[in-house]
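Here is how the chains run, residue by residue.
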Amino acid sequence: MGRAFEYRKARKLKRWGNMARTFTRIGKEIDIAVKAGGPDPANNTRLRILIQNAKAENMPKENVERAIKRAVSKDTSDYKEIVYEGYGPFGIAIVVETATDNNTRTVANVRHCFNKYGGSLGTTGSLDFLFDRKCVFKINRPENFDLEEFELEMIDYGADEIFEDDENHVIIYGSFEAFGTIQKYLEDNHYEMVSGEFERIPLDTKELTDEQRETVDKLLEKLEEDDDVTNVYHNIKE
């Protein structure tokens, strides 16, 4: 089913270990989306998708509504999305996505993690060549669905890989720039969207021994524990 599927399957949505952390992450993303595009989902495409993501994660409706209200309040924090890049032990490339209201605190925490576990924090953009940034949508599979016909149609809207999973969903991967185009097509044609997000897929992976993997996992797990961190990507061969 392709590189993207194998990578996604291997990760098994390991990014977040519990529901509370997932809700915190989505809440921050809602804050950023509302401040950028307003609180009305009808006029804010990113917010519409985040509300769908919240539903997929079983985030209560009242939590979503509170997050939107907080975002329009002048008293809320001003979150910004910042990406950090570096190398872990054994030359493993690591990209850390964050949503933070205090960059000084966040960069200090991320740098401490890298240094403590044998890695080094690099400069922004230094690892762009190692990862392919994609948008990815999950929709419920309609009745009488023709995957081949759907693929041919979606190619014109920027999709480059489509497959079905074991839970009656259709997964659509496309270029980073195609997010809005694919979203609009799915909405206009009344497909039931489960989620929409971005992923960084490694273009090349490195194989580690079990002992080496255990060492790198300590760094990855420590990074994921930080409340400001939303995603951690790496190029370890699974």
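Since we're looking at a predicted model, the values are computed, not measured.

A. Structural detail: the pairing of strand S7 (residues 193-202). Burial runs high along S7: 10 of the 10 residues are buried. Examined bridge by bridge, strand S4 (residues 131-140) and S7 share 9 bridges and lie antiparallel to one another. Considered in S7, the bridge of Arg133 is made with Arg200.

B. Just the sheet that holds S4, in detail. Ordered by their spatial adjacency, 4 strands build an open sheet running S5-S6-S4-S7, and the pairing between neighbours is antiparallel. Only two strands of the sheet have a single neighbouring strand rather than two, namely strand S5 (159-164) and S7. When strand polarity is set aside, the average angle formed by the axes of neighbouring strands in this sheet is 20 degrees. Together, S4 and S7 form the strand contacts of helix H3 (residues 45-56), whose direction differs from that of S7 by roughly 95 degrees.

C. Layout of the nonpolar core. Counting residues in hydrophobic clusters, the biggest one holds 18 residues, and the most contacted among them are Phe137, Phe150, Met154, Ile172, Ile182 and Leu186. Listing elements by their share of this core, those giving two or more residues are S4, helix H6 (147-155), S5, strand S6 (169-175), helix H7 (179-188) and S7. At 4 residues, H7 tops the list of elements feeding residues into this core.

D. Spatial organisation of the packing of H3 against H7. Where H3 meets H7, the closest approach of the two axes is 11 Å, and the angle between their N-to-C directions is 65 degrees. The angle between the axes of H3 and H7 places the two elements in the roughly perpendicular class. As H3 packs across H7, the resulting crossing turns out to be left-handed. Taking contact as the criterion, the partners of Thr45, Arg46, Arg48 and Ile49 in H3 are, on H7, Phe179, Gln183 and Glu187. When grouped by side-chain class, the residues that make up the contact of H3 with H7 number 2 nonpolar, 2 polar and 3 charged.

E. Region of interest: the domain arrangement of the protein chain. In terms of domain boundaries, the protein chain breaks down into domain 1 (16-72), domain 2 (80-129 + 204-234) and domain 3 (131-201). Using C-alpha coordinates to define each centre, domain 1 is positioned 21 Å away from domain 3. With 7 residues of domain 1 at the interface, the matching set in domain 3 holds 8 residues. Of the roughly 660 Å² buried where domain 1 meets domain 3, counting both sides, 48% is carbon and sulfur surface. At the junction of domain 1 and domain 3, the tally comes to 1 salt bridge. One salt bridge connects Arg48 with Glu187, and the closest N-O pair in it is separated by 2.7 Å. In this assembly, domain 1 and domain 3 are joined by 3 residue pairs in polar contact (both at pLDDT 80 or more). Of the residues belonging to the side of domain 1 that touches domain 3, the class tally is 2 nonpolar, 3 polar and 2 charged.

F. The sheet that holds strand S3 (residues 120-121), seen in detail. Across the sheet, which stays open at both edges, the 4 strands sit in the order S3-S1-S2-S8 with antiparallel pairing between neighbours. A strand with exactly one partner marks an edge of an open sheet, and here the two such strands are S3 and strand S8 (229-234).

G. Structural context of the environment of Ala99. Looking at the secondary structure, you find Ala99 in strand S2 (residues 93-100). Judged by its relative accessible area of 1%, Ala99 falls in the buried class. If near-sequence neighbours (up to four positions away) are discounted, Ala99 is found in contact with Lys28, Ile32, Tyr79, Lys80, Glu81, Asp228 and Thr230.

H. Main features of a negative patch on the surface. Where like charges cluster on the molecular surface, the negative patch consists of Asp146, Glu148, Glu149, Glu153 and Asp156. Here Glu148 lies in helix H6.

Procedures and definitions
Residues numbered from 1 in each chain as written. Predicted model: local features only at pLDDT ≥ 70, side-chain atom pairs only at ≥ 80, totals over all residues. Heavy atoms only, no water. Buried < 20%, exposed > 50% of the residue type's maximum accessible area, 1.4 Å probe, protein only. Helix = DSSP H or I, 4+ residues; strand = E, 2+ residues; numbered from the N terminus. Pairing = 2+ DSSP bridges. Axes fitted to C-alpha atoms, helices over the stretch in contact; angles between N-to-C directions. Contact = heavy atoms within 4.5 Å. Core = buried A, V, L, I, M, F, W, Y, C linked by side-chain atoms within 4.5 Å. Parallel < 35°, antiparallel > 145°, perpendicular 65-115°, else oblique. Left-handed = near helix turned anticlockwise from the far one by under 90°. Nonpolar A, V, L, I, M, F, W, Y, C, P; charged D, E, K, R; others polar. Domains from an automatic or database assignment. Buried area = accessible area lost by both parts, 1.4 Å probe. Salt bridge = Lys/Arg side-chain N within 4 Å of Asp/Glu carboxyl O. Polar contact = N/O pair within 3.5 Å; in protein donor to acceptor, adjacent residues only side chain to side chain. Patch = residues over 30% accessible without salt bridge, like charges linked within 9 Å, V, L, I, M, F, W, Y side chains within 5 Å. Areas by Shrake-Rupley, 256 points an atom, 1.4 Å probe, with all protein chains shown as cover. Lys, Arg positive; Asp, Glu negative; His and termini not counted. Charge placed at Lys NZ, Arg CZ, Asp CG, Glu CD.

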